[in-house]
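# Architecture and fold: a report
What follows is the residue order along each chain.
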Amino acid sequence: MSDGGVSTMEMLPNELILNICMHFTARELYRAFYGLNRRFNSIADNISDLHLTITSNESHEPVWLAFSRVIKLKIENVKQIDLYHFSNIRSLTWIRPSAVQLQKLCSFTYFPYLEQLRVYDICDMPSAAHFHQFVFSNGFPRVRILSLSHINISSPWTISLCLRAINVQNVSDPHLFERILLSCPNLTRLDFHMLCCIEIPMPVSFQHVNLKRLHCTGTLSSRSLENILAIIPGLMQFNINGSIREQPLVYFERLGNTLKFFLPHLNRFDCNFLFTGQYADLIKTRSFLDKFHPCFKHRMKFTKLSYGRIRIHTKSII
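The following paragraphs examine the structure supplied in this document. (Residues numbered from 1 in each chain as written. Predicted model: local features only at pLDDT ≥ 70, side-chain atom pairs only at ≥ 80, totals over all residues. Heavy atoms only, no water.)

### Section: the overall build of the chain
- When helices and strands are tallied, the chain shows 10 helices and 12 strands.
- Its C-alpha radius of gyration of 25 Å places the chain more than 25% over the 20 Å reference for a compact globule of 318 residues.
- For the chain, the residues scored as buried account for 45% of the 318 residues in total.
- Expressed as a percentage of contacts within the chain between residues at least 6 apart in sequence, the contacts between residues at least 24 apart total 55%.
- One finds the centroid of the 34 positive side-chain charges in the chain at a distance of 8 Å from the centroid of its 23 negative side-chain charges. (Helix = DSSP H or I, 4+ residues; strand = E, 2+ residues; numbered from the N terminus. Rg over C-alpha atoms; globule rule 2.2 N^0.38 Å. Buried < 20%, exposed > 50% of the residue type's maximum accessible area, 1.4 Å probe, protein only. Contact = heavy atoms within 4.5 Å. Lys, Arg positive; Asp, Glu negative; His and termini not counted. Charge placed at Lys NZ, Arg CZ, Asp CG, Glu CD.)

Given below as structure tokens:
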């Protein structure tokens, strides 16, 4: 305690200050402590595993001193950035990269340790097709978690063995599901968010045995669901959200048969559908739904909404 009876942070031991600073981003750390005195400068310069967000409106001084120690980086709408400073990145999120920046991103020498990659809001340009080809052709051999939007499949892909979890936004191409599975044989989780109602075609003669968790968002017909589930026999968890354009009783009967026939290891099913119809008629079908598949039994709920809409969803499992 100081002479005035007021505690100061400078009185804390270095170990405790380091523990506090570990909760700061790189920008917060340097803005709060750098330049106060030599001791705090030294503490700031010796903290590793930092997180940093770079936007077009922020100055990089004095935070540039920490660039080589940043392991989680988010870049948003930045026109100019020198990627060579970030040699130890493990996780990268990039929003609205330019065509030139996408080309630079395809150089593995920038991020040799990258394990998680998220890239959003890419314009439909030739560099986007090249970037997606690079990603799904083992361009980042250490990346295990991938999240993308508007994937362009116009260029051929090879195989990316390291990818384990993929989140795909704004899907509009009906062949994308098959292309991802063919390119990523070791994939265990796939989140597939469709931009519009698409019909998934009959897949080629192959099976992806390693996919365990699938989450689909969008409007899929019972036929499309059958085409999807027919090639992932090892699936254990399946979650689907969207709208039903068929009669619910027919839809769930077909879905139940598909799950029984193609997914022998399924142990968790969740859904959240919107349907437009008569609530009183739908309630009468509840007992039938329980019989279509064990994962439906005593879990299907109907919620009446406005404008004739009905929410059909599963109860959460405790």
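### Observations concerning the sheet that holds strand β4 (residues 116–120)
- Strand order in this open sheet of 12 strands is β1-β2-β3-β4-β5-β6-β7-β8-β9-β10-β12-β11, and the pairing throughout is mixed. Every interior strand has two partners, whereas the edge strands, β1 (50–55) and β11 (300–304), have only one. Averaged over all pairs of adjacent strands, the angle between strand axes in this sheet comes to 5 degrees, irrespective of strand direction.
- Its contacts with the sheet put helix α2 (residues 26–33) on β1 and β2 (70–76), and the angle it makes with β1 is roughly 95 degrees.
- Helix α6 (residues 176–183) rests against β6 (165–171), β7 (189–194) and β8 (213–217) of the sheet, and its axis sits at about 160 degrees to β7. (Pairing = 2+ DSSP bridges. Axes fitted to C-alpha atoms, helices over the stretch in contact; angles between N-to-C directions.)

### Notes on the pairing of β1
- Residue alternation in β1 divides its side chains into a buried set, Leu50, Leu52 and Ile54, and an unburied set, His51, Thr53 and Thr55.
- Sheet analysis places β1 next to β2, joined by 6 bridges and oriented parallel. What sits directly across from Thr55, in β2, is Glu76.

### Regarding the packing of helix α1 (residues 14–21) against helix α3 (residues 38–45)
- With their axes 11 Å apart at the nearest point, α1 and α3 run at an angle of 50 degrees to one another. Overall, the two elements α1 and α3 adopt an arrangement that is oblique. Of the two possible hands of crossing, α1 and α3 adopt the one that is right-handed. Counting all contacts with α1, which are made through Asn14, Ile17 and Leu18, the residues of α3 involved are Arg39, Phe40 and Ile43. (Parallel < 35°, antiparallel > 145°, perpendicular 65-115°, else oblique. Left-handed = near helix turned anticlockwise from the far one by under 90°.)

### Some thoughts on unusual backbone geometry
- For Asp49, which is not a glycine, the phi torsion comes out positive at approximately 55 degrees.
- With respect to the helices and strands, Asp49 occurs in the loop between α3 and β1.
- In this structure, Asn77 takes a positive phi of about 55 degrees despite not being glycine.
- Assignment of secondary structure puts Asn77 in the loop between β2 and β3 (91–95).
- Given a relative accessible area of 39%, Asn77 falls into the partly exposed group.

### Here's the deal with the state of the cysteines
- A complete count under the given rule lists 0 disulfides for this structure.
- In this structure Cys184 is not part of a disulfide, and its nearest cysteine sulfur, from Cys162, lies 10 Å away.
- No disulfide involves Cys271; its sulfur sits 11 Å from the nearest other cysteine sulfur, which is in Cys295. (Disulfide = S-S within 2.5 Å.)

### Brief notes about helix α8 (residues 248–262)
- For α8, spanning 15 residues, the distance from its first C-alpha to its last is 21 Å, which sits close to the expected 21 Å at 1.5 Å a residue.
- Of the positions making up α8, those classed as buried are Pro248, Tyr251, Phe252, Leu255, Gly256, Thr258, Leu259 and Phe262. Within α8, the buried residues cover an arc of 160 degrees as seen down the axis, which keeps them to one side. (Expected span 1.5 Å × (residues − 1). Arc of directions from axis to C-beta.)

### Things to note about the pattern of salt bridges
- Applying the stated criterion across every chain, the model contains 8 salt bridges.
- Here Glu115 ties to Arg142 by a salt bridge, and the two come within 3.7 Å at their closest N and O atoms. Separated by 27 residues along the polypeptide, Glu115 in the loop between α4 (99–105) and β4 and Arg142 in the loop between α5 (126–135) and β5 (145–149) bring together distant segments of the chain.
- On the accessibility criterion, Glu115 (31% relative accessible area) is partly exposed.
- Arg142 gets classed as partly exposed once you look at its relative accessible area, which sits at 39%.
- Here Arg268 ties to Asp270 by a salt bridge, and the two come within 2.6 Å at their closest N and O atoms.
- Linked by salt bridges that have partners in common, Glu76, Arg96 and Asp121 make up one network. (Salt bridge = Lys/Arg side-chain N within 4 Å of Asp/Glu carboxyl O.)

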